[in-house]
Amino acid sequence: MTGPVFLFVLAVLTVVLAPLVGGLLFGLDRKLTARLQGRVGPPLVQPFYDVLKLWHKEKIAVNRLHLVWAWAYLVLVIASLLLLVWQQDLLLLVFTLGFAAIALVMGSFSVRSPYSHFGGQRELMQLLAYEPVLLLTAVAVYFRTGTFLVSGILQQDRPLLFSLPLVFAALVIILTIKMRKSPFDLAACEHAHQELVRGIYTEYSGPYLALIQVAHWYELVLVLALIGLFWAHPWWAGVLLAVAAFFAELVVDNSTARVTWPVMLRLVWASCLTLVLANLAALYLIV
Amino acid sequence: MGLVTTARVKSPWIMHFDCGSCNGCDIEILACLTPLYDVERFGIINIGNPKHADVLVVTGAANRRNARVLRNLYEQMPEPKLVMAVGTCACSGGVFHQCPNILGGVDKVIPVNVYVPGCAARPEAIIDGVVLALQKLAGAA
Amino acid sequence: MAPGLGWLVGVPVLWPVLIALLCLLLRPYVARAAVVLVGGGVLIAFSLLVYLQGPFTFTPPAVAGMEWHVLLTVLDFALLLWFLHAALVQRSLLAIVFTLAQLVPLAYWEFALHPQVTVEPAFVVDYLSIVMVLVIGIIGSLIWFYALSYMPRHEEHLHLAQSRQPRFFFYLVLLLAGMNGIVMSNNLLWLYFFWEVTTLCCYQLILHDLTAEARQNATRALWMNLLGGTAFVAAMIYLSSAGRSLAVADLVAKGGALPLVLPLALLCLAGLTKAAQVPFQGWLLGAMVAPTPVSALLHSSTMVKAGVYLILRLAPAYQGTVLSNVLALTGGFAFLVTAILALSQNHSKRVLAYSTVSNLGLIILCAGLNTPLAMAAAVLLLIFHAISKGLLFLCAGAAEQELGTREIEAMAGLAARMPFTATIAFIGMLSMLVPPFGMLAGKWAAMEAVAAAGSGWSLAAIGLLVAGSAVTVVFWAKWMGRLLSQGLPREKVAERVPFFFALPLAVLVVFILALSALVGPVSAGLVLPGVSAAYAPVLGVTAAALILPDGFFPVWVLGLIALVGVILPLAAVRVRPAEARPVYACGEHVAEGERFLSLADSEARLEMGGFYWAEFLSEGKLNFWVNLLGVALILALLGVSLA
């Protein structure tokens, strides 16, 4: 079942279905956030309206490079997701996702706009905070399963969560950054109503803002799938785990305030690196 | 209504520009975002960036000092775009209309699609104005 | 057969000496250019011939009744006496102490104890040597060519009465002779001689501009490298007095006598000083005052690579010892902290220097892990780092001569102003941190290796490795972003690139792209044979991928991703003039967004700068602790060897 035809069909299905799921999750996010704030909130399919509208707006741009990086971001995020569904090397997935983040940052630096640059620098700080944790997660999974290949991880009978609970906790903390949620939404938060201008996104408009939005949908699906990997059998347990993490993020988002980048860096490195290394040490000592 | 038009009508992102209002109308606009009125249920988001905005909501009378800024912001909005003048000052210059520095209503500087009178304009009136603007958009498309 | 092999050793080592002498004697530019071009061409050709020959051993016959080791001994002491002279001229107590610490014991040992100092065979060339010979010969020669365009402009800038280029090229060319000697010698004493030749060239090249700063930094480089030399001498005397042979091949051979850890630790210390690892990073950073070709040469293919080479060469000897583990930590520590120090730098060459130390730290981390996969990762990193870093220094030099400053902030929007140089520099930086480039293949292998090592030590190494990787991404991305920062589309600028700038840059960038795409064959043809001499093969290789039992690096798939993600949009996306809008500046922008209306309607330029985190991360704040920990690690390195 791993012939090239199968892999191709899988890729097509992923590329088509992932944004549908991601978009609905974003809609759910907005709806639930509104409810948590005592509002009615937009319809569930609101993200699709937004993207469709943006896609059909006039194309305006500052320069060519700026637009190129938006495409690069989308393609690289999709590629990371494909590496996951093709059950490839977890390390490469993290590297490719890192490349995607770099593409977004390069885009923000490609224009002479202070807002965009600020967003880019902060995005880099976020990258600095989560990248080691993602890599360490891959290493921890290797410690537990003896392989970096997703295919090998899926062959495990016992959920990873049982032996890697602290790593899982660290990954959930990282999820806050990847989902651009409070308290770590310092580059630009997902909900557009909090800030005057929007960091990295400031100079993107119309179709290119839509591209980035769609890339975020793919990215959300990807990080949630990584969460789900911690309880891969039966598959619905993984889905439940991911959904639980997603809801936890919404609650955290609505009950915390944004922190500055030094605080984020200190909090994330201190907590996550300790959690992961403690888990690794425990595995090493016990096994 | 085609799918794209539906999407446009369902997702009007507004940018609010204060041309020199007394802040009465500004506060009413912000009131629209509160749980009581909750304009986000119509997909309306208040966004601080002309490059993302569909509707430019202007309060206060246009004057010589800020006409340039108003025009700049308007030009940075991608098509299709709408302009709403909120409050009497934005519509006509209001009580300031004979001041030496005042040009008059916002329409002296940029084309205006919807006028929402009132001093200050009530949130219901503002939401009504947005709905009117969206109808124009749907009709125009 | 034998004379042929003699040529393969003789030309890489002696030919640069001849070229160097010619450069010193010939004053006209054209003559020097011709000599350097022919010399470089021959050196490249012979590097390739060495590769085609494959591994071999060779012992030079005595010439006219004189044994080679007699000549080398004479030169050795001449060199040490010259160092003493230089140390006295510079009034450097440390340099004097470390020269005497070599001179006196060496003289006593060689003349009073009459040790067995000849070794059969004198030269052993295996695949690790071949990798080094290729890197030295090809990249080194390209940097010579670059210097042909760089130095005249450099001197024009300095308004010299008389050109000092003959002297400059003499040492620049001689350095490669020393390097080739290091990587081919089997005799530790001969290796030591070539080692000191590189120290000499390095000192003279840093000193070249004769400013007060140049003198100071050259002196620092001198004493730090002499410290390494002292450790080298101590190791040789220890080995000899323990009745061991001075042959490198015997030292690393399996199944022989138990390894003596202390001399190995001393040799590693020598390697660490040459590779400018913490706390010796100071000399490499100081080397920045020299003209750019020097930096490019010291950082990419020579000098620091000699240190790494020695550590890699000896790796099988200290496999399984605590020394190996401490070495891994020392490398990992340097990898992380120098990357952090690079964050706060606005000086392009200092960022490159810190990045060099950092990457060498990574290679040493791999050597310390000492597993077959880690060694393969180390050699991969060595090759790709040499190419990328050489390229980046050459780009930095080209930008510096155009802009008149080395500041990264001054490079804002270079992509629009110097499209050729900026594009190549951008590719060079990108090749340091994203797939599918070879550096990433090396990092991938390193991470697989460190995870698979599975010891308590490797746990610490993992932490250093992942944190260092993330910091590396940040300081490169910051700089890359600076290059791109630009306004509305403009008319294309035609960049005037001197031929000898364009040639090495183009060749190196083609190397990066081609060798990254062919990382499979490169691994199969060079890396794995170099490693498998002492280690079981572990890395599977096809034309399109690297394969491990528990990992997969499909380089062509990753290349395709990069192609679709970046190259395709680059070719397809267009912005028509009607679509162009200035950046958002609160509606106050004028002049297409380059300026905005500020106080009282005065026009102010829109200025932007990067984050440098000076209040947290400046060298002033961190250096003390970094060096303290570095010294502690060095002491631990020697301490565990004594135990």
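Shown above is the structure to which this text applies.
This text gives an overview of the structure that appears in the document. (Residues numbered from 1 in each chain as written. Chains lettered and ligands numbered in written order. Predicted model: local features only at pLDDT ≥ 70, side-chain atom pairs only at ≥ 80, totals over all residues.)

Secondary structure summary: chain B contains 5 helices and 7 strands in total. Taken from N to C terminus, the helices and strands of chain B fall in the order α-β-α-β-β-β-α-β-α-β-β-α. The globule rule puts the C-alpha radius of gyration for 141 residues at 14 Å, and the 14 Å found for chain B is close to it. Considered along the principal axes of its C-alpha atoms, chain B spans approximately 50 × 30 × 25 Å. Residues classed as buried in chain B amount to 52% of the 141 residues present. Within chain B, contacts between residues separated by at least 24 positions form 80% of all contacts whose residues are at least 6 apart in sequence. (Helix = DSSP H or I, 4+ residues; strand = E, 2+ residues; numbered from the N terminus. Rg over C-alpha atoms; globule rule 2.2 N^0.38 Å. Buried ≥ 20, exposed ≤ 12 C-beta atoms within 10 Å, placed from the backbone. Contact = placed C-beta atoms within 7 Å.)

For the rest of this paragraph, the subject is the pairing of strand β3 (residues 55–59) of chain B. Residues and elements named next belong to chain B. Burial of β3 is extensive: 5 of the 5 residues sit out of reach of the surface. The two faces of β3 match: V55, V57 and T59 on one face and L56 and V58 on the other face are all buried. In this sheet, β3 lies alongside strand β1 (residues 13–18) in parallel orientation, the contact comprising 5 bridges. Opposite H16, over in β3, you have V57 as the bridge partner. Direction of pairing for β3 relative to strand β5 (residues 82–86): parallel, over a ladder of 5 bridges. Its bridge partner lying in β5, V58 is registered against A85. (Pairing = 2+ DSSP bridges.)

All names here are of chain C. For helix α5 (residues 127–158), with 32 residues, the first-to-last C-alpha span of 43 Å sits near the 46 Å given by 1.5 Å per residue. The sharpest bend along α5 measures roughly 35 degrees and falls at A147. Of all 32 residues making up α5, 25 are buried, and the element is well covered by its neighbours. Taken from the residues just after α5, H159 is the one with a positive phi, measuring 55 degrees. (Expected span 1.5 Å × (residues − 1). Bend = angle between axes of the 7 residues up to and from the residue.)

Of the residues lining the interface, 7 residues belong to chain B; the matching set on chain C comes to 5 residues. Of the residues in the side of chain B that touches chain C, the class split is 3 nonpolar, 3 polar and 1 charged. (Nonpolar A, V, L, I, M, F, W, Y, C, P; charged D, E, K, R; others polar.)

Residues and elements named next belong to chain C. With antiparallel pairing, the 3 strands of this open sheet are ordered in space as β6-β7-β8. Only two strands of the sheet have a single neighbouring strand rather than two, namely β6 (589–590) and β8 (603–605). Relative to strand β7 (residues 595–597), β6 runs antiparallel, the two sharing 2 bridges. Looking across to β7, one finds that H589 is bridged to F596.

For residues that are not glycine, phi is negative in most cases, and the peptide bond is trans in most cases. The omega torsion across B:C119 and B:A120 is -5 degrees, close enough to zero to call that bond cis. By secondary structure assignment, the location of B:A120 is in the loop between β7 (114–116) and α5 (123–140). In this structure, the amide linkage connecting C:V278 to the following residue, C:P279, adopts the cis form with an omega of 5 degrees. One can find C:P279 in the loop between α10 (261–274) and α11 (281–286). At C:R91, a position not held by glycine, the phi torsion is positive, near 55 degrees. When you line up the elements, C:R91 lands in the loop between α3 (68–89) and α4 (93–112). The class for C:R91 is exposed, based on 9 C-beta atoms found within 10 Å. With phi around 60 degrees, C:L210 is a residue other than glycine that occupies positive phi space. The topology assignment puts C:L210 in the loop between α7 (188–207) and α8 (212–241). Look at C:L210 and you get exposed, because 10 C-beta atoms sit within 10 Å.

Take the nonpolar core next. The biggest cluster of nonpolar side chains holds 368 residues, and the ones touching the most others in it are A:Y73 and C:C366. In terms of residue count, the dominant contributor to this core is helix α16 (residues 372–403) of chain C (22 residues). Each of domain 1 (319–573 + 609–643) and domain 2 (574–605) of chain C gives at least three residues to this core. Discounting chain neighbours no more than four positions away, the residues touching C:C366 are C:A374, C:M375, C:A377, C:A378, C:L381, C:A446 and C:A449. (Core = buried A, V, L, I, M, F, W, Y, C linked by C-beta atoms within 7 Å. Domains from an automatic or database assignment.)

Turning next to the interface of chain A and chain C. Listed as interface residues are 58 residues of chain A and, on the opposing side, 50 residues of chain C. Ranked by residue count, the leading element in the side of chain A that touches chain C is helix α5 (residues 114–145) of chain A, at 15 residues. Looking at the side of chain A that touches chain C, its residues break down into 39 nonpolar, 13 polar and 6 charged.

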